[in-house]
Amino acid sequence: MRFFYAPNACSIGIHVILEEIGRPYEPAPVDFKNNAQYEPAYVAINPKSKVPALLRDDGTLLTEYPVIAMWLARSNPQAGLVPPDLEGETRCAEFLDYICGTVHPQGFTRQSRPNRFALRAEDEPAIVAQGRELAVKYLGVIEAGWRGDTWVLPGGYSIADSALFFIEHWAARRFNIPLPPRLDAHFKAMLARPAVRRTLELEGLPA
């Protein structure tokens, strides 16, 4: 498999899953700082100009975080990264959708790329402030609805935890947003996992 990612992007969560599984893959970093996602070479692979993207062994491409995460978990059942029961899998998918469809774009993309939301440059500071306010709100929603113990789901560690990790990592280390108590404990537990430490090292980020 060939894994397309950008260091410290949301793709870090998929990177963690790949390291948890232990299945061979080729890392293929995409230089977002120089807009390499819009270069013809990458657009030819992924016309969406996004990461993560996973080129599978059969030559087909998977895009979109929840889809890649679920496919990796389901195609590598020995890793135990998705609940085996329907209710557990449904709750896992629900959490992934909230992180990727709401928390990421509304809470954090507003802060990192306000030009996508503002019609005028002078409106961008207000967009950043709104993003921070929403991020704090969403983290509170996750905290209040916590169902598991150490991990997000009652059944134990799963791909839901890797998704929450990239949000926590951004909040704590990129945007200086304090994590609520359960999320702070979860973030510390994630940082202690060997797969997470390997991922951070591979992406050139502090452990």
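*Asks:* Help me understand the environment of alanine 121, please; the structure alone is not making it clear to me.
*Replies:* Along the chain, alanine 121 turns up in the loop between helix H4 (86–112) and helix H5 (124–144). Alanine 121 sits 17 residues away from tyrosine 138 along the chain, and the two C-alpha atoms are 26 Å apart.

*Asks:* Sorry if this is basic, but what is going on with the nonpolar core here?
*Replies:* Among soluble globular proteins, nonpolar side chains are generally buried collectively. The biggest cluster of nonpolar side chains holds 58 residues, and the ones touching the most others in it are Ile14, Leu72, Ile99, Phe108, Ile159, Phe165 and Phe166. Secondary-structure elements contributing two or more residues to this core are strand S1 (2–5), helix H1 (12–21), helix H3 (65–75), H4, H5, helix H6 (159–173), helix H7 (181–191) and helix H8 (194–202). When neighbours within four sequence positions are excluded, isoleucine 99 is seen to be in contact with His104, Pro105, Ile142, Ala163, Leu164, Phe166 and Ile167. Among the nonpolar cores identified, the runner-up in size contains eight residues, and Ala9, Tyr42, Val51 and Ala53 belong to it.

*Asks:* Just to check I follow, could you spell out the pairing of strand S2 (residues 26–29) for this structure?
*Replies:* Look at any regular strand and the pattern is simple: side chains alternate between the two faces of the sheet. In this sheet, S2 lies alongside S1 in parallel orientation, the contact comprising four bridges. Bridge assignment links arginine 2 to a residue of S2, and that residue is glutamate 26. At this point the chain moves from S1, through H1, to the parallel S2, and the crossover so formed is right-handed.

*Asks:* How should H1 be read in this particular structure?
*Replies:* For an α-helix, 3.6 residues make a turn, and residues three or four places apart therefore share a direction. H1 sits mainly inside the fold: nine of its 10 residues count as buried. Within the sequence span of H1, burial applies to Ile12, Gly13, Ile14, His15, Val16, Ile17, Leu18, Glu19 and Ile21. Looking one or two places after H1, you find glycine 22, whose phi comes out positive at around 80°.

*Asks:* What exactly am I supposed to notice about the pattern of salt bridges here?
*Replies:* Two side chains of opposite charge can pair, provided their charged atoms sit close to one another. Throughout the structure, instances matching the rule amount to 13 salt bridges. Linking arginine 91 and glutamate 87 is a salt bridge whose minimum nitrogen-to-oxygen distance equals 3.0 Å. Of this pair, arginine 91 and glutamate 87 both sit in helix H4, separated by four residues, roughly a single helical turn. For glutamate 87, a relative accessible area of 47% translates into the label partly exposed. Each of Lys48, Lys50 and Glu64 takes part in one network of salt bridges that share partners.

*Asks:* What exactly am I supposed to notice about the packing of H5 against H7 here?
*Replies:* In a packed pair of helices, the relevant descriptors are the angle between the two axes and the axis-to-axis distance. Direction vectors running N to C along H5 and H7 enclose 85°, while the axes themselves pass 8 Å from each other. Compared by their axis directions, H5 and H7 come out roughly perpendicular. Between H5 and H7, the contacting residues are Leu139, Ile142 and Glu143 on the first element and Pro181, Arg182 and Leu183 on the second. Taken together, the residues of the contact of H5 with H7 break down into four nonpolar, no polar and two charged.

Cut-offs applied
Residues numbered from 1 in each chain as written. Predicted model: local features only at pLDDT ≥ 70, side-chain atom pairs only at ≥ 80, totals over all residues. Heavy atoms only, no water. Helix = DSSP H or I, 4+ residues; strand = E, 2+ residues; numbered from the N terminus. Core = buried A, V, L, I, M, F, W, Y, C linked by side-chain atoms within 4.5 Å. Buried < 20%, exposed > 50% of the residue type's maximum accessible area, 1.4 Å probe, protein only. Contact = heavy atoms within 4.5 Å. Pairing = 2+ DSSP bridges. Right-handed = clockwise from strand over helix to strand, strands pointing away. Salt bridge = Lys/Arg side-chain N within 4 Å of Asp/Glu carboxyl O. Axes fitted to C-alpha atoms, helices over the stretch in contact; angles between N-to-C directions. Parallel < 35°, antiparallel > 145°, perpendicular 65-115°, else oblique. Nonpolar A, V, L, I, M, F, W, Y, C, P; charged D, E, K, R; others polar.

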